[in-house]
Amino acid sequence: MASVEDYDFEGGDAGAAETIPMEAGQIRKGGYIMIKGNPCKVVDVSTSKTGKHGHAKCNFIATNIFNGKKLEDMIPSTHGTTVPNIFRNEYTLVSIDEEGFMSIMTADGDMREDLKLPEHPENYAAELRDAFEKAEDAGQSLVVVVLKACGHEQVMSHKIDTSE
């Protein structure tokens with residue numbers, strides 16, 4: 001019989017799955033779907049009629065939520081597929097270093113310095129840096145919105161903090 005020493009419990013997490021199963025026919029325009037291992041937002045769904053093999057098919061056209069690439073997938077409507085678990089958090093931007101790493105603060109006051117400036121959309125990193133400098137000069141705080149899905153985190157938008 002195996003003893004406790006035979007197992008590694010060091011790398012445990014909360015157990016939140018990165019994806020959840022869902023029937024393809026349940027996914028609508030504006031929803032999310034995993035296509036080729038990428039979390040995507042559905043732009044268009046068209047359903048074909050049942051053919052001689054008896055399955056209606058859903059044709060999904062979606063864009064990757066992190067880089068904007070367009071992806072397509074066709075799945076029988078009664079078959080299962082996966083939907084990404086997407087988490088949205090807001091952080092206060094404290095600083096940006098020369099390498100493009102951001103120091104961000106959670107609502108609890110904890111600091112994080114492991115997030116880089118986004119590479120997509122193009123020129124957004126420069127826009128974010130400019131907005132941060134303008135807000136700092138005006139004595140305001142800049143809040144960044146971070147999306148997390150499938151082990152990837154990225155800044156998606158920013159705004160001036162008006163709660164002060």
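Engineer: What is the right way to read the overall build of the chain from this model?
Structural biologist: Of regular secondary structure, the chain possesses 1 helix and 11 strands. Along the chain, helices (α) and strands (β) appear in the sequence β-β-β-β-β-β-β-β-β-α-β-β when read from the amino end. Scored against the burial criterion, the 164 residues of the chain give a buried share of 32%. For the chain, the share of sequence-separated contacts (at least 6 apart) that also reach a separation of at least 24 residues comes to 48%. Carbon and sulfur atoms make up 49% of the accessible area of the chain, which amounts to about 10,700 Å² in all.

Engineer: Can you help me understand the environment of Glu23 in this one?
Structural biologist: Among the secondary structure elements, Glu23 is positioned in strand S1 (residues 19–23). Overall, Glu23 belongs to the partly exposed group, its relative accessible area being 38%. The contact partners of Glu23, leaving out residues within four places of it in the chain, are Ser77, Thr78, His79 and Gly80.

Engineer: It is not clear to me how unusual backbone geometry should be interpreted in this structure. Could you clarify?
Structural biologist: Note on backbone geometry: most residues besides glycine have negative phi, and most peptide bonds are trans. Each neighbour pair has its own omega, and for His120 with Pro121 the value is -5 degrees, a cis peptide bond. Its place among the elements puts Pro121 in the loop between strand S9 (111–116) and helix H1 (124–137). Notably, Asn123 is not glycine yet its phi reads approximately 70 degrees, a positive angle. In this structure, Cys150 takes a positive phi of about 55 degrees despite not being glycine. Inspection of the secondary structure puts Cys150 in the loop between strand S10 (142–149) and strand S11 (152–160).

Engineer: What's the story with the sheet that holds strand S4 (residues 57–64) in this structure? I'm lost.
Structural biologist: In sheet architecture, strand pairing relies on hydrogen bonds along the backbone and comes in two forms, parallel and antiparallel. Ordered in space as S2-S3-S4-S5, the 4 strands form an open sheet in which the pairing is antiparallel. Bordering the open sheet on either side are strand S2 (32–35) and strand S5 (70–76), each of which pairs with just one other strand. In this sheet, neighbouring strand axes are inclined to one another by 45 degrees on average, regardless of whether the strands run parallel or antiparallel. Bridging between S2 and strand S3 (residues 38–47) involves 4 bridges; their strand directions are antiparallel. In the sheet register, Ile33 faces S3, and the bridge partner there is Cys40.

Engineer: Please explain the nonpolar core as it appears in this structure.
Structural biologist: Generally speaking, a soluble globular protein has its nonpolar side chains buried in company with each other. Core analysis: the largest hydrophobic core is formed by 16 residues, its most contacted members being Leu93, Met102, Ile104, Leu128, Leu142, Val144 and Val155. Of all the elements in the fold, those that place two or more residues in this core are strand S7 (87–96), strand S8 (101–105), H1 and S10. By residue number, the principal contributor to this core is H1, which donates 5 residues. Among all residues touching Val155, those that are not within four sequence positions of it are Met102, Leu115, Pro118, Tyr124, Leu128, Val144, Val145 and Val146. Membership of the second largest hydrophobic core comes to 12 residues, among which are Ile33, Cys40, Phe60 and Val83.

Engineer: How do you make sense of the pattern of salt bridges when you look at a structure like this?
Structural biologist: As a working rule, side chains carrying opposite charge can pair if their charged atoms are close by. Scanning the entire structure with this criterion turns up 4 salt bridges. The network of salt bridges with common partners includes Arg88, Glu90 and Lys159.

Engineer: Mind showing me how you'd approach the sheet that holds S8 here?
Structural biologist: One open sheet holds the 5 strands; their spatial order is S9-S8-S7-S10-S11, and the pairing between them is antiparallel. The open sheet has two free edges, formed respectively by S9 and S11, since each of these has just one partner strand. Taken over all neighbouring pairs, the strand axes of this sheet differ in orientation by 45 degrees on average, direction set aside. Here S10 pairs with S11 via 8 bridges, running antiparallel. When the sheet's bridge partners are listed, Lys148 is paired in S11 with Glu153. Of the strands in this sheet, S7, S8, S10 and S11 are in contact with H1, which crosses S11 at around 40 degrees.

Thresholds applied
Residues numbered from 1 in each chain as written. Predicted model: local features only at pLDDT ≥ 70, side-chain atom pairs only at ≥ 80, totals over all residues. Heavy atoms only, no water. Helix = DSSP H or I, 4+ residues; strand = E, 2+ residues; numbered from the N terminus. Buried < 20%, exposed > 50% of the residue type's maximum accessible area, 1.4 Å probe, protein only. Contact = heavy atoms within 4.5 Å. Areas by Shrake-Rupley, 256 points an atom, 1.4 Å probe, with all protein chains shown as cover. Pairing = 2+ DSSP bridges. Axes fitted to C-alpha atoms, helices over the stretch in contact; angles between N-to-C directions. Core = buried A, V, L, I, M, F, W, Y, C linked by side-chain atoms within 4.5 Å. Salt bridge = Lys/Arg side-chain N within 4 Å of Asp/Glu carboxyl O.

Function-wise, these values are silent; they only describe arrangement.
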